[in-house]
Every structure is written in C-alpha cells, then in structure tokens.
Amino acid sequence: MQAREIRSIIERQREFFLTGATLELSFRQKALARLKACIKRHEKDIEEALSADLGKSGFEGYMCETGLTLSEITYMQKHLKRFAAENTVHTPLAQFHARSFQKPSPYGVVLIMSPWNYPVLLTLEPLVDAIAAGNTVVLKPSAYSPHTSALLQKIVRACFPPAHVALITGGRAENNCLLGQRFDYIFFTGSQSVGKEVMQKASAHLTPVTLELGGKSPCIVDKSANIRLAARRIVFGKYLNCGQTCVAPDYVYCHESAKADLLWEIKKQIRRQYGEHPLRNPDYGKIINEKHFKRLCRLIEPARVFCGGSSNPATMQIEPTVLEPVTFDDACMQEEIFGPILPVLTFSSLDEAIRKIQSLPHPLALYLFTTQKSAAQRVLSSCSFGGGCVNDVVIHLATSEMGFGGFGESGMGSYHGKSGFDTFSHYKSIVDKRNWIDLPIRYQPGSRMKKKLVHLFLR
C-alpha cells in the first residue's frame, strides 16, 4: 500500500473519531456484535487459513485462537457498561463541597501490530479491547501469515467502515510507514528487537505503547513435583503450535534428582500426544518459514538430543525434540527458541534455581511444578516475570478475568478483559466543584488562622 493511502486512512479515522460516534456505548456494542457474528460465519475459513499458514489442526485453531477471541468478545459485551462508567472516588475535606471521579476516555486513533504465530487471536483480541474502549483502529498483521491476513482483511471490511477499523497488509515498507505516522496509542506484539524499534519510532511523537514481547520462559520442576502430570502438561504447552508460542516453556529447569524420571515421562508423553512419528501426524504443525526452520535446525546439536531431532525441509517440520545435557552457556540458551526444541537443565537446590533466574532477563512467563506451597511462595515472591502458572503451563493467558502482559525485557503493559479496556483508555481525573460555597482559606492574603486551618486539613 502506498504511503499516501496509509496517511489518508489515518486522517479519515481521526476525523471520524472527532465526530464523537465511538463514544456511544451502543455504537461499541453493535461493533462487537458484528465482529462476533462475522467470526462465527467464517469459522471454517479461519480453520483453513491457519492450516495453510501454520499447519494448525482445526481443534487447535479453535481452542487457541477462534474460541478465545469469541470468549473475549462475550466478556466485553457483558461488562462494557460497567467498564465505561465513571468511577467516583473520595474527595478530601479540603475540596469541600465537590465530587471527584475518574472518567475513562478513548485515546483516539490506535495502531495494533500483530505477529504471525497466533494471527487471529493476537490481531482480533486487542482489537476487541480497543473498540470496546471507543477508539478507531488501524490493524497491521504479519506478512508471514498471508492466508490469515487476507481473511482478516475480508472480515474487517465486512464488519467495519474503514474510518472506524482498517486493516493494512504488506511487509517492512508498510510497517515503517505506519510507525512514521502519529497515532494516539500503539499496541505491538512480536519480538524484542522489533519492539525496541517500535518504541523508538513512537518516541518521536511521544506516543504511549504496549509491548507484548517474549523471552526465555523457564519451567521449574522441583523434587516434590508430580512428575507424570508435569511431563504431560509441559509437552502440551511446549509443542503447541509447533513450539511457536510466546509463553511456551522455553526450557525445563529441574531438580537433579528428578531429571531421569522427567526425561522419560516427557518422551512417553510426546509419543502419546503426537504418535510414534510426529512428522506424519496431520495435526502436528509446521515452522512458519524457511528462515526460522534453518535457525531452529542449527540449535539442535545431535550429541545432545535425548529424543526427537528429525526434521523435514520439504514440509518445514521439526519433531518434538528434547536436548540434554544442556548448560546456560550452550547455543540454545542464548536466544528465545520459539520452536519445538526443549532444553533440560538441572539445579541442586531451589535457592540455586531462584538465584539463577533472578540473574537472567525477566521472562514473559514462569512455570513451577511442585507440591509444596512454601516452594511455590518462594519462587513467586522472589522471581520477576510477566505471568505464569503453578503446576501447569500456558493457561494463564486464557482468561479475560486477568491481565496478560510482560515485564521488563518481555514487554510492558497488559490486556484481556478489564485490563484490555484500561490499556486503550485514558482515565481523566476530574473534580466537579459546587458553586454555592467558596471557602476563603486558599486565597491571599494569608493569616495565622488560615495557616492553622491548612495544617488541620492537610496533615
């Protein structure tokens, strides 16, 4: 798309926003209802697009993308009136007689840039939050998932006038053009390297941003853990979407006494969940493109392969792979893996594990398997991370009741449900003062009595 067209879309959205149409709750509710109905009509098309881009099965596509998006819309429809209401707060005696309140207001024209790994969910879920908050939105999905992007464009055009929501396809040129424009808010999901670029470009206009990034999310397995259940859940979360999940366990960090049993249980679970030959399993996904396929293959050192390790360049598939032994100095521990490769490292005490994780960049997620409440409390209190689970993986992002987001190197800001509405809203703090009384205490000239009264009111 030409730069002139992009600027024109943004200008039309700004003009539309200034009409005040999006401020009406009925307008927002109707927009959400149209989007929900359109997603339902295109469920089969979404399934086919996700299969074409990522090899996702229909079951996985609905569970992790379509279904979660519909759930977010339903939640927002149910709670929007409450979220958008003014919030009255306590007024101090010094402000007598007045009412103090916070009023949520949309930012205006919002840019949402989404990634390729969950192209439906990570495009439409922030869109739901943004339009519920009353913004106009420019969507920019990834060029790496072209089938899904084309379908999303069709859905957006069917649901919204371009002055309200517009979707722009394309690659780096379009991204650079968009980031050069003035938006009122930018929401980005993707890699840390691109996130830094987004933040730098946004700073030119002092545009606030939410960054949903990633990082090396640890999965701690202590010696008290239910090893069989831990293995089952780790395999589910790690190899979901062929490992291309920002909150997937990046590596397992287990107590040395549990390593042998855990490795064999993980191997069993891979076989149970994906079959003897995962590369022949029609429900097992693929790597998004050749670039990422080759990067992942370079991380697989044959001497460290405990199980898996095979790949098929023709289909860009890599078997669910476990690497062991591994140290923090190995190549697979120097970058976020973002693929079906699971390194297993060991610690001798939980204190050692905590100290090591504290020394590393803050991950997007942290998972802990333990049956000891004291161990869980120590890890959750001592380690810094975006979000996570105790005795499970990944599922913390599958609820609209809690915000989801990163921390430090893994991002900033959050969304889902009320947190999503808040992200795309500015809360105006307002004091509504009455006219029938005007205390003279604050006005010059001062006096000893006024000083005593000020001390009384403001202590």
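Higher on the page you've got the structure.
Reading guide: rules and limits
- Residues numbered from 1 in each chain as written.
- Predicted model: local features only at pLDDT ≥ 70, side-chain atom pairs only at ≥ 80, totals over all residues.
- Heavy atoms only, no water.
- Helix = DSSP H or I, 4+ residues; strand = E, 2+ residues; numbered from the N terminus.
- Rg over C-alpha atoms; globule rule 2.2 N^0.38 Å.
- Contact = heavy atoms within 4.5 Å.
- Areas by Shrake-Rupley, 256 points an atom, 1.4 Å probe, with all protein chains shown as cover.
- Lys, Arg positive; Asp, Glu negative; His and termini not counted.
- Charge placed at Lys NZ, Arg CZ, Asp CG, Glu CD.
- Axes fitted to C-alpha atoms, helices over the stretch in contact; angles between N-to-C directions.
- Parallel < 35°, antiparallel > 145°, perpendicular 65-115°, else oblique.
- Nonpolar A, V, L, I, M, F, W, Y, C, P; charged D, E, K, R; others polar.
- Salt bridge = Lys/Arg side-chain N within 4 Å of Asp/Glu carboxyl O.
- Buried < 20%, exposed > 50% of the residue type's maximum accessible area, 1.4 Å probe, protein only.
- Pairing = 2+ DSSP bridges.
- Right-handed = clockwise from strand over helix to strand, strands pointing away.
- Left-handed = near helix turned anticlockwise from the far one by under 90°.
- Expected span 1.5 Å × (residues − 1).
- Phe/Tyr/Trp six-rings, centres within 6.5 Å; stacked < 30°, edge-to-face > 60°.
- Arc of directions from axis to C-beta.

### Details of the overall build of the chain
- Scanning the chain from terminus to terminus reveals 15 helices and 20 strands.
- Taken over C-alpha atoms, the radius of gyration comes to 25 Å for the chain, in line with the 23 Å a tight globule of 459 residues would show.
- For the chain, the proportion of contacts with a sequence separation of at least 24, taken over those separated by at least 6, is 72%.
- By element, 53% of the accessible surface of the chain is carried by carbon and sulfur atoms, the whole surface being about 21,000 Å².
- Each charge class in the chain was averaged separately, 56 positive and 42 negative side chains, and the resulting centres sit 8 Å apart.

### Section: the packing of helix H3 (residues 43-54) against helix H6 (residues 146-159)
- Where H3 meets H6, the closest approach of the two axes is 7 Å, and the angle between their N-to-C directions is 155°. Looking at the two axes, H3 sits roughly antiparallel to H6. From H3, Asp 45, Ile 46, Ala 49, Leu 50, Ala 52 and Asp 53 reach across to H6, where they touch Pro 146, His 147, Thr 148, Leu 151 and Ile 155.
- When grouped by side-chain class, the residues that make up the contact of H3 with H6 number seven nonpolar, two polar and two charged.

### A word on the pattern of salt bridges
- Counting across every chain of the model gives 18 salt bridges.
- A salt bridge links Asp 184 to Arg 14; its shortest N-O distance comes to 2.9 Å. One end of the pair, Asp 184, is in the loop between helix H7 (172-179) and strand E6 (185-189); the other, Arg 14, is in helix H1 (residues 3-18), and 170 residues separate them in sequence. In this structure, Asp 184 and Arg 14 share a single accessibility class: buried.
- A salt bridge links Arg 271 to Glu 276; the nearest nitrogen and oxygen atoms lie 3.4 Å apart.
- Judged by its relative accessible area of 56%, Glu 276 falls in the exposed class.

### What about the sheet that holds E6?
- With mixed pairing, six strands are arranged side by side in an open sheet as E5-E4-E3-E6-E7-E18. Of all the strands in the sheet, just strand E5 (165-167) and strand E18 (411-412) have a single pairing partner and so form its edges.
- Note that E6 and strand E7 (residues 209-212) share four bridges and pair parallel. Bridge pairing in E7 links Phe 187 to Thr 210.

### Quick notes on the pairing of strand E15 (residues 365-369)
- Most of E15 is tucked away, with five of its five residues classed as buried.
- Side-chain alternation along E15 places Ala 365, Tyr 367 and Phe 369 on one buried face and Leu 366 and Leu 368 on a second face that is also buried.
- The sheet contact formed by strand E8 (residues 218-221) and E15 spans three bridges and is parallel. Across the sheet, Ile 220 pairs through a bridge with Leu 368, a residue of E15.
- As paired elements, E15 and strand E16 (residues 387-390) share four bridges and run parallel to each other. Bridging from a neighbouring strand, Leu 366 pairs with Gly 388 of E16.
- Taken together, E15, helix H13 (residues 373-382) and E16 constitute a β-α-β crossover, and its handedness is right-handed.

### Considerations on the sheet that holds strand E9 (residues 251-255)
- The sheet built from seven strands is open, its strands ordered E10-E13-E14-E9-E8-E15-E16 with mixed pairing. Every interior strand has two partners, whereas the edge strands, strand E10 (305-307) and E16, have only one. Along the sheet, successive strands turn relative to each other by an average axial angle of 25°, direction set aside.
- The strands that H13 touches are E8, E15 and E16; relative to E15, the one it contacts most, it runs at about 165°.

### Things to note about the packing of H3 against helix H4 (residues 58-83)
- Contact pair H3 / H4: the axes reach a minimum separation of 10 Å and the direction vectors enclose 125°. Judged on the interaxial angle alone, H4 and H3 are oblique. Note on packing geometry: the crossing formed by H3 with H4 is right-handed. Together, Glu 43, Ile 46, Glu 47 and Leu 50 of H3 and Gly 58, Gly 61, Tyr 62, Glu 65, Thr 66 and Leu 70 of H4 make up the contact between the two elements.
- Residues that form the contact of H3 with H4 fall into these classes: four nonpolar, three polar and three charged.

### Concerning helix H9 (residues 227-239)
- The first and last C-alpha atoms of H9 sit 18 Å apart over 13 residues, in line with the 18 Å expected at 1.5 Å per residue.
- When we look at burial in H9, the residues that qualify are Ile 227, Ala 230, Ala 231, Ile 234, Val 235, Gly 237, Lys 238 and Tyr 239.
- Looking at the buried residues of H9, the elements they touch are E8, E9, helix H10 (259-274), strand E13 (321-323), strand E14 (341-347) and E15.
- Once H9 finishes, Asn 241 follows within two positions and takes phi at roughly 55°, a positive value.

### Overview of the packing of aromatic side chains
- Applying the stated criterion across every chain, the model contains 16 aromatic pairs.
- When the ring of Tyr 251 is compared with that of Phe 328, the centres are 5.9 Å apart and the planes differ by 85°; the resulting orientation is edge-to-face. Placement of the pair is Tyr 251 in strand E9 and Phe 328 in the loop between E13 and E14, with a sequence separation of 77 residues.

### Thoughts on helix H8 (residues 192-203)
- The first and last C-alpha atoms of H8 sit 16 Å apart over 12 residues, in line with the 16 Å expected at 1.5 Å per residue.
- Regarding H8, the residues found buried are Gly 195, Val 198 and Ala 202. Projected down its long axis, H8 carries its buried residues within an arc of 60°, all on one side. Residues of H8 that are exposed and angled more than 90 degrees away from the buried face: Ser 193, Lys 196 and Gln 200.

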